[in-house]
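Coordinate analysis (summary)
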Amino acid sequence: MAKRKIKKWQTMIILGSQWGDEGKGKIADYYGNLTDYVVRFQGGNNAGHTLVVEGEVYKLHLIPSGVLHEDKVICLGNGMVIDPEILLTEIDNLEAKGMKLNMLISERAHIIFPFHILMDGMIDEYKGELGAGTTRRGIGPCYADKAERSGIRMIDLMDKNIFKEKFDKLFELKKLTLEKLYKADIDLNKKQILKNYLEFGERLKPYVGDVSLAINDAMDKGKKIMFEGAQGTMLDNDFGAYPHTTSSNTTAGGACVGAGVSPTKIDRILGVVKAYTSRVGDSPLPTEIFGKKAQYLQDRGQEFGTTTARPRRIGWLDFVQLRYAQRINGFTGLAVTKIDILGGIKNIPICTHYKYGNKKMTELPSSLEELRKCKPVYTNMPGWKNLTEDDFKAIIKKGYAALPPNMKKYLKRIEDEMGVPIDMVSVGPDRKMTIEI
Ligand code: GDP
Ligand code: IMO
Ligand code: MG
């Protein structure tokens, strides 16, 4: 049986438990009014979070989803990689809608440059079968520079002389690499990039500061902090389906490292579970399905990438993968999303384990070769009829108990397999289409 829920919390991490696009943005927005700070701690504008509030659609890539609630401090943590041009466009768009941003950007966050974006595409294409089909946003090459200690951080952009010195070294290194190693005919105007970035720096200056200090001070004063994950567990660079991963730690520990908080300070870790599986990009996906059923879920779930508009691959729920996500993240509760999309399917398969040759696999393999060959073994759960938005609105008024019995069976199976209680069920994209338990 799943353990009791933690209702009282000061700090909460919201994480994707699958392959990204689980609906983290919606859930973070839902909880946004209950917190004082909302903090992104990894990734960059590879993330795409869609929020719907009273019919209006917001698409966010860098700014945390809490932004739609007034009086929240929104933070971009040190673990992030930031394309300043994209960030400024996002700020402009939100301000044009009349929002006032109370934002803090970590001085330790790393900066994405045009050469990172160029290299991202080239490396991914070179890798062929081993590529992840990246979002081409420069994420991997920027994190590579960080690890190599050639990267440039927000704080550097605040000091013209330091920035020029570091930019000169990095630009020349990348130019050499692109021309000599990649044999690329590149068109990068060093002077122009320098000028542009210095201007970006000037505009971002009022927001840049010490995020770790700010949130730790806020915690001491009793403020509530929500950490908003991007990507998902299977895209974590250590625990995901390497090398088909992103370049950051998307799992629970990543929040501490990427924001500068101690693990002892975390009260609640909410795992967002999409009621089926989706994947944008390349990797083995054991429960992937094709044909009519995949099309049914893709159409109903509008499964197209928020960042790249690529169609998302579709699969059934995978308990091998979800139990693994639970082990790595230690969720204290789950938010199950998009359960509405499964309506109208007679029997819904869920993968309980894999077969690798004749071997029964209950744990996710680290070997890519094994993962490629794992075949899902399914159990069938009875489905429920398709419900309209109005049906769900009537159910929301009555609460969880009013959900169709077979839907509750499906949810209970998730709780039992993962050993974690479900804290909320999402039955539509709008903020209001949510049932807290
Ligand atoms: P994220 O990256 O994890 O924030 O997820 P995305 O925003 O990329 O993708 C989730 C998509 O599903 C978005 O278009 C959401 O508006 C939508 N969505 C979220 N929760 C639900 C839900 O419960 N039901 C339905 N039908 N759509 C949802
Ligand atoms: P959100 O936050 C789904 C995938 C890419 C690719 C791999 C590496 O919206 O859940 P990258 O550009 O990060 O180097 O690409 O990861 N990917 C995502 N898939 N949702 C995301 O973010 C993703 N961010 C990256 O498709 O396979
Ligand atoms: Mg997304």
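Our subject in this report is the structure included herewith. None of the values given here were measured: they were computed from a predicted structure.

**Describing unusual backbone geometry**
- The omega angle of the peptide bond from Tyr242 to Pro243 is 10°, so this bond is cis rather than trans.
- Within the secondary structure, Pro243 is located in the loop between β10 (225–228) and α9 (252–259).
- The phi dihedral of Arg136 falls on the positive side, at around 60°, and the residue is not glycine.
- Structurally, the position occupied by Arg136 is in the loop between α3 (114–127) and α4 (139–148).
- Residue classification places Arg136 among the partly exposed positions, given a relative accessible area of 29%.
- Even without being glycine, Gln231 reaches a positive phi, approximately 60°.
- Here Gln231 is to be found in the loop between β10 and α9.
- What makes Gln231 buried here is its relative accessible area of 7%.

**Some words on the pairing of strand β11 (residues 268–274)**
- With respect to burial, β11 is a largely interior element, seven of its seven residues being buried.
- Residues of β11 alternate between two faces, with Arg268, Leu270, Val272 and Lys274 on one and Ile269, Gly271 and Val273 on the opposite face, all of them buried.
- For β11 and strand β16 (residues 333–337), the ladder comprises five bridges, and the chain directions are parallel. Its bridge partner being in β16, Val273 is matched across the sheet by Val336.

**With respect to the pattern of salt bridges**
- Tallying each qualifying case throughout the model produces 27 salt bridges.
- Where Lys274 meets Glu303, a salt bridge forms, and the shortest distance between an N and an O atom there is 2.9 Å. Within this pair, whereas Lys274 is found in strand β11, its partner Glu303 is found in the loop between α10 (291–301) and β14 (313–315), the two being separated by 29 residues in sequence. Side by side, Lys274 and Glu303 carry an identical accessibility label, which is buried.
- One network of salt bridges, in which partners are shared, links Asp21, Lys274, Glu303, Arg312 and Lys338.

**A closer look at the site of ligand 1**
- In the vicinity of ligand 1 lie 18 residues, with Lys24, Gly48, Thr50, Asp340 and Ser426 positioned nearest.
- A distance of 2.8 Å separates an oxygen atom of ligand 1 from a polar atom in the backbone of Gly48.
- Note that a nitrogen atom of ligand 1 is positioned 2.7 Å from one of the side-chain N or O atoms of Asp340.
- Bound to the protein, ligand 1 loses 93% of the 580 Å² it would expose on its own.
- Mapped onto the shell around ligand 1, the elements with two or more residues apiece are α1 (24–31) and β3 (49–53).
- At three residues, α1 tops the list of elements feeding residues into the shell around ligand 1.
- For the shell around ligand 1, a count of residues per class yields three nonpolar, eight polar and seven charged.

**Some points on helix α14 (residues 405–418)**
- Here α14 is 14 residues long and its end C-alpha atoms lie 20 Å apart, about the 20 Å a rise of 1.5 Å per residue gives.
- Met407, Tyr410, Leu411, Ile414, Glu415 and Met418 are the residues of α14 that are buried. Down the axis of α14, the sector holding all buried residues measures 140°, keeping them to one side.
- A positive backbone phi angle near 65° is found at Gly419, which sits one or two residues after α14.

**Let's talk about the site of ligand 2**
- Neighbouring ligand 2 are 21 residues; Lys24, Ala132, Thr135, Thr246 and Val280 lie closest to it.
- Contacts to ligand 2 include His49, whose side-chain N or O atom sits 2.9 Å from an oxygen atom.
- Coverage of ligand 2 by the protein amounts to 98% of the 550 Å² it exposes when considered alone.
- In terms of residue class, the shell around ligand 2 is built from six nonpolar, eleven polar and four charged.
- Here the shell around ligand 2 gathers at least three residues from each of two domains, domain 1 (11–103 + 210–436) and domain 2 (110–207).

**So, the coordination of the magnesium ion (ligand 3)**
- The magnesium ion (ligand 3) binds to the protein through Asp21 (OD) and Gly48 (O); the donor distances cover 2.0 to 2.1 Å. Of this pair, Asp21 sits in the loop between β1 (11–16) and α1 while Gly48 sits in the loop between β2 (37–40) and β3, and the two are 27 residues apart along the sequence.

**Regarding the side chain of Lys274**
- For Lys274, a relative accessible area of 1% puts it in the buried group.
- Those residues within four positions of Lys274 in sequence are excluded, and the remaining contacts are Gln18, Asp21, Glu22, Glu303, Arg312, Leu317, Thr337 and Lys338.

**Here we look at the sheet that holds β14**
- Sheet architecture is open: three strands sit in the order β12-β14-β13, paired in antiparallel fashion. Only two strands of the sheet have a single neighbouring strand rather than two, namely β12 (277–279) and β13 (288–289).
- Bridging between β12 and β14 involves three bridges; their strand directions are antiparallel. Across the sheet, Ser278 pairs through a bridge with Ile314, a residue of β14.

**Quick notes on the nonpolar core**
- Of all hydrophobic cores here, the largest spans 59 residues; its most connected members are Ile215, Phe227, Leu342 and Tyr410.
- Per-element accounting of this core gives the leading share, five residues, to α14.
- If sequence neighbours within four positions are ignored, Leu342 has contacts with Ala275, Tyr276, Leu297, Trp316, Ile348, Trp384 and Tyr410.
- Counting residues in each nonpolar core, the second largest holds 58 residues, with Met12, Ala28, Tyr31 and Leu87 among its members.

Rules used in this analysis
- What you see as residue numbers is a count from 1 along each chain, following the sequence as written.
- Lettering of chains starts at A and numbering of ligands starts at 1, both following the order in which they are written.
- Only residues with pLDDT of at least 70 get local features here, since the model is predicted, and only at 80 or more are side-chain atom pairs given and counted; chain-wide, interface and lining totals rely on the full set of residues.
- With hydrogens and water set aside, each side-chain value is computed from the structure's full complement of heavy atoms.
- Secondary structure elements follow DSSP: runs of H or I of four or more residues count as helices, runs of E of two or more count as strands, with numbering from the N terminus.
- Think of it in three bands: with a 1.4 Å probe and only protein chains considered, a residue is buried below 20% of the maximum accessible area for its type, exposed above 50%, and partly exposed in between.
- A strand pair is defined by DSSP finding two or more bridges across the two strands.
- Basic side-chain nitrogens of Lys or Arg form a salt bridge, by our definition, when they fall within 4 Å of a carboxyl oxygen of Asp or Glu.
- Summary of the distance rule: residues count as near a molecule or strand when at least one heavy atom falls within 4 Å of that molecule or strand.
- Pairing of N or O atoms within 3.5 Å defines a polar contact, subject to two protein rules: one partner must be a possible hydrogen donor and the other a possible acceptor, and residues neighboring in sequence count only if both atoms are side-chain atoms.
- Here the Shrake-Rupley method, with its probe set to 1.4 Å, supplies the accessible areas, and only the displayed protein chains count as covering residues.
- Here the term charged refers only to Asp, Glu, Lys and Arg, the term nonpolar to Ala, Val, Leu, Ile, Met, Phe, Trp, Tyr, Cys and Pro, and the term polar to all other amino acids, Gly among them.
- Residue count minus one, scaled by 1.5 Å, sets the expected span of a helix.
- The reported arc concerns the directions from the helix axis to the C-beta atoms and nothing else.
- Each domain span listed reflects an automatic or database assignment of domains.
- Each metal's donors are the N, O and S atoms found within 2.8 Å of it, except that Na, K and Ca use a 3.2 Å limit; water is left out, so coordination can look incomplete.
- We call two residues in contact when some of their heavy atoms are within 4.5 Å.
- We call a set of buried residues a nonpolar core when its members are Ala, Val, Leu, Ile, Met, Phe, Trp, Tyr or Cys and they connect through side-chain atoms within 4.5 Å of each other.

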